[in-house]
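Per-entry structural report
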Amino acid sequence: MSRRWIQNPNRCADEYLDGIEDFIEFARRQNLGATRIRCPCRRCNNTLWETIENVGFHLLRNGMIETYSIWNLHGEQVDHASSSNAPRVDNVEPIVDPNDQVMGIIQDAFPFASTNINQEGEDDVPTPIDSAEFEQYEKLLKNANQELYPGCESFSVLTAIVELMHGKIKYRMSNLCFDYFLGVFKRMLPTDNCLPKDHKHAQKVLHGLGLGYEKIHACKNNCMLFYKEHETLDTCPICNESRFKITSQNRTTKIPQKVMRYLPLKPRLQRLYMSTHTATDMRWHKEKRVDDDVMRHPADGEAWKEFDRTFPEFAADPRNVRLGVATDGFNPYGVLNQHHSTWPIFAFPYNLPPWKCMKKEYMMMTVLITEDPGRSIDVYLRPLVDELKDLWTNGVRTYDKSTGRMFTLRAAVMWTVNDFPAYAMVSGWSTKGYMACPVCKEDVTSGWHAGKVCYLGHRRWLPWDHEWREKDKEFDGNTERRLRPREWSGDEILEQLNRLDFAPFGKTVSRTRPSTHLNWTHKPMFFELPYWSKLKLRHNLDVMHVEKNVFDTLVGTILDIEGKTTDTIKARLDLERMGIQRGLWMNRDSDKARRDLAFFSMKPNDKKEFLKFVSSVKFPDGYASNIARCVNVDGGKFTGLKSHDCHVFMQRLLPVGIRHLLPEDVVKPIMLLSRFFSQLTAKTLRRTDMFQLRHDIVQVLCKFEMIFPPAFFTSMMHVMVHLPEEALLAGPVNYRWMYPIESFSES
């Protein structure tokens, strides 16, 4: 019986559904009378027991483990000795002994360690390793062949360490906990066992497998790294701060003031080609992708295609890696230390097919910074950028297991993915002030309203002869004659940056910025990459945070939540100053001015009805969290909504809940906004739909300008106008938003 259905990524296909039925029937026959069996879905991993009905549901929702093609844990017996008479099973791999698996890992890490090489440089001939690598290989081979204790045939020293370290990572065990249990296991085993005594010694054994990291000392004030030509310095040449802490004179080792961890990228990219399946999948974007009007992958976007046209030599080999780079700060101590944040920097390959791309198994942490670097993040990016330049220019010799040949692997960064504050750090353009939009730059329409900077003027994106351009009182009091802001090419931005003189990095450097610099804070280090200025899209606006901030502003205003609404007394006075929307001016019938409830806000009874509706909604398991717990009906507000809660609320609940509680002129643009995000965040996009969304979002923002006060239009409201254009350039947003990155960084 064929079991190719296990590999089918489409779990709605008839083949897959029939395969699940065959498995359930097989499990019932082999486990007569049993009510619970092991669940082989990707989440349970054959370690949890579920009812047979739940197992079928799990397989449909999560998919079966791709390597579980022999159902031995559910009663299947395979007689390898009489394989000539046994019926053939397609796509079935034999059960591999753990020791054989470890030997396979060693062979993957050193594919030609014991091969005699006569010719070098040809693609079908491997490159010999140097003496240091061969020494590491011999140490690993020794540990792989050495019994854990005399007479132990099940585990070698290396197999035991690999299994224990795998469990440590899988179940997030701390080093202290691991040390404790390792000591317990060592005492349980015979006294002449070879198990390492703690985590540190176990790491030394695995060091030869690679994928380690480098410790690079940094200046206390983020001025520079003690790296390469500065590696031997003891003080920072910029701020004269000591490299090391002041310690007792009797101490033999010096303690650095600050340390960053750098995890080299090259060996991680090489590992992608050590598995036959992964090596084949790394060519998916070229060999198996369907090129039509539907965008399913970043390779379907115009930015990818333009890169191929600009650099045909790089595009000629589909094994060359296209990378995304992302950074995100988080507090690893929860609420114990609010001022501390850790900043990892990730790289992830876009060559993989959609069902593997952006999975945490393929995301690679390259840099770990132990505090918020601010604009000095470029100081910590230096090792990564140097390696990326070498990967573009020279590449790295890599063994492709799917073809059995060596090739020169090259890599290029397609764009970065960051939230709005980190966008400013990486791009060099400040996302605060009157020119906060990093796309419009100095041509953005902004002004001071109700005590903050607001962004209006969305009629500029309308056709030249549109009737709304001539209206004034319905908008900001002026007619609109301007064209949409111009688009800046990478070469123009680079030329502009080269004319500016920036202060050096570091905390001690003055942060005053000349007016000639506009919102530029520094020249981004990524411009050192030869191809960076040629990219159509260098930095992505994070749709996850844009949607959440838009939701918070919108819901806070229509529910008139104190502290969250933009319809404040200052906003009403601002309308009077501008002479627009007279119906929203302050009521001065008595001695005191009064702010009446606006027509776009719900009345108290309607608000309570809306909140009761939200608290009564229930979602399928795994679709969303329990949003009802975030509803405070008596207080008339929401508390503790996460980004994904806002995502579901905006697209599913909001258009249903408000349709009979607000005027039609208010409901229609909000429903159009909800549909905008629903279509934009779909896993597949049609170019024709994106052109329509580009028109729709301009209509929505213009209608909002006729409804809400100027204080409503934050920078997040404004940048929505650029999201459809970025989708046309880079494809679906689920490859370019912060959900997988934040999940991976906090896991």
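Residues numbered from 1 in each chain as written. Predicted model: local features only at pLDDT ≥ 70, side-chain atom pairs only at ≥ 80, totals over all residues. Heavy atoms only, no water.

A few points about the side chain of histidine 217
Formally: By definition, any uninterrupted DSSP run of H or I lasting at least four residues is a helix, any uninterrupted run of E lasting at least two residues is a strand, and each is numbered from the N terminus. Whenever a nitrogen or oxygen atom comes within 3.5 Å of another N or O atom, the pair is scored as a polar contact, on the condition that within protein one atom can donate a hydrogen and the other can accept it, and that pairs from neighbouring residues in sequence are kept only if both atoms are in side chains. Residue contacts are defined here by distance: any two heavy atoms, one from each residue, within 4.5 Å place the two residues in contact.
Note that histidine 217 resides in strand β3 (residues 214–218). A polar contact of 3.1 Å, which involves the side chain of histidine 217, links it to the side chain of arginine 243. If we ignore the near neighbours within four places in the chain, the residues touching histidine 217 are Leu225, Phe226, Arg243, Phe244, Pro256, Lys258 and Val259.

A short note on the UniProt feature "domain: DUF4218" (unreviewed entry) in the protein chain
As a reminder, the rule being used: UniProt positions are given in the numbering used here, feature names are shortened, and annotations may be inferred rather than shown by experiment.
According to UniProt, the "domain: DUF4218" (unreviewed entry) feature falls on residues 680–743. With 62% helix and 3% strand, residues 680–743 has end C-alpha atoms that lie 21 Å from one another.

Some remarks on the pairing of strand β7 (residues 343–349)
Here is the rule we go by: When accessible area is computed with a 1.4 Å probe and restricted to protein chains, residues below 20% of their type maximum are described as buried, those above 50% as exposed, and intermediate ones as partly exposed. Pairs of strands are assigned from DSSP output, requiring at least two bridges between the strands.
For β7, the tally of buried residues reaches 7 of 7 residues, placing the bulk of the element in the interior. Residues of β7 alternate between two faces, with Trp343, Ile345, Ala347 and Pro349 on one and Pro344, Phe346 and Phe348 on the opposite face, all of them buried. Direction of pairing for β7 relative to strand β8 (residues 364–369): antiparallel, over a ladder of 5 bridges. Across the sheet, alanine 347 pairs through a bridge with methionine 364, a residue of β8.

What about the sheet that holds β7?
Read from one edge of the open sheet, 7 strands run β3-β4-β8-β7-β6-β11-β14, paired in mixed fashion. Across the chains shown, the open sheet's two edge strands, defined by having one partner strand only, are β3 and β14 (539–540). One ladder, built from 5 bridges, connects β3 with strand β4 (residues 258–262); its direction is antiparallel. Bridging across to β4, isoleucine 216 finds its partner in methionine 260.

Considering the packing of aromatic side chains
The condition is simple: Centres within 6.5 Å make a pair out of two Phe, Tyr or Trp rings, where for Trp the six-membered ring is used; the pair is then stacked when the planes are under 30 degrees apart, edge-to-face when over 60, and tilted otherwise. Only when the NZ of Lys or the CZ of Arg is both within 6 Å of the ring centre and within 35 degrees of the ring normal is a charge said to sit over the ring.
In this structure the tally under the stated criterion is 34 aromatic pairs. When the ring of phenylalanine 599 is compared with that of phenylalanine 600, the centres are 5.4 Å apart and the planes differ by 70 degrees; the resulting orientation is edge-to-face. An aromatic cluster of at least three residues, connected via ring pairs, comprises Phe599, Phe600, Phe704, Phe708, Phe712 and Phe713. Between arginine 3 and the ring centre of tryptophan 71, over which it is positioned, the NZ or CZ distance is 3.7 Å.

Observations concerning the nonpolar core
How we decide: Within this scheme, the nonpolar core is defined by two criteria: the residues are buried Ala, Val, Leu, Ile, Met, Phe, Trp, Tyr or Cys, and they are joined through side-chain atoms within 4.5 Å.
One finds Phe610 and Leu673 to be the most contacted residues of the largest nonpolar core, which totals 159 residues. Residues Leu158, Ala160, Ile161 and Val205 belong to the second largest nonpolar core, which totals 21 residues.

So, helix α13 (residues 377–393)
Selection criterion: How far a helix is expected to stretch is found by multiplying one less than its residue total by 1.5 Å. Note that the bend at a residue is defined as the angle between axes fitted to the seven residues ending at it and the seven residues starting at it.
For α13, which comprises 17 residues, the first-to-last C-alpha distance of 24 Å matches the rise-based estimate of 24 Å (1.5 Å per residue) to within 8%. Its axis deflected by about 40 degrees at proline 383, α13 carries its strongest bend there. Among the 17 residues in α13, 13 count as buried, and that is most of the element. In the segment just after α13, glycine 395 is the residue with positive phi, at about 75 degrees.

Notes on the pattern of salt bridges
The line we're drawing: Here, a salt bridge means any Lys or Arg side-chain nitrogen found within 4 Å of an Asp or Glu carboxyl oxygen.
All told, the structure shown has 42 salt bridges when counted by the stated rule. Between arginine 319 and aspartate 400 there is a salt bridge whose closest N-O contact spans 3.3 Å. Of this pair, arginine 319 sits in the loop between α12 (312–316) and β6 (321–327) while aspartate 400 sits in strand β9 (residues 396–400), and the two are 81 residues apart along the sequence. What makes arginine 319 buried here is its relative accessible area of 16%. Of the charged contacts, one joins aspartate 696 and arginine 675 as a salt bridge, the two residues approaching to 3.3 Å between their closest N and O atoms. One end of the pair, aspartate 696, is in helix α21 (residues 687–707); the other, arginine 675, is in helix α20 (residues 664–680), and 21 residues separate them in sequence. The buried category is assigned to aspartate 696, whose relative accessible area is 7%.

A closer look at helix α1 (residues 14–30)
Relative to the 24 Å expected for 17 residues at 1.5 Å per residue, α1 spans 24 Å between its end C-alpha atoms, a close match to the ideal helical length. As for α1, its buried residues are in contact with β1 (36–38) and α2 (52–62).

Looking at the packing of helix α18 (residues 604–616) against helix α19 (residues 643–657)
Applicable threshold: Fitting a line to C-alpha atoms yields each axis, with helices limited to the stretch in contact; the angle taken between N-to-C directions then spans 0 to 180 degrees. When describing relative orientation, an angle under 35 degrees is termed roughly parallel and one over 145 degrees roughly antiparallel, while 65 to 115 degrees is termed roughly perpendicular and anything else oblique. In this scheme the handedness of a crossing depends on how the near helix is turned from the far one: anticlockwise by less than a right angle means left-handed, clockwise means right-handed. Under this grouping Gly is polar, as are all residues other than the nonpolar Ala, Val, Leu, Ile, Met, Phe, Trp, Tyr, Cys and Pro and the charged Asp, Glu, Lys and Arg.
Contact geometry for α18 and α19: axes closest at 10 Å, N-to-C directions at 135 degrees. By the angle class used here, α18 and α19 are oblique. When the axes of α18 and α19 are compared, the crossing they make is right-handed. In this structure, α18 uses Phe610, Phe613 and Val614 to contact α19, whose residues at the interface are Phe649, Leu653, Leu654, Val656 and Gly657. For the contact of α18 with α19, the residue count by class is 7 nonpolar, 1 polar and no charged.

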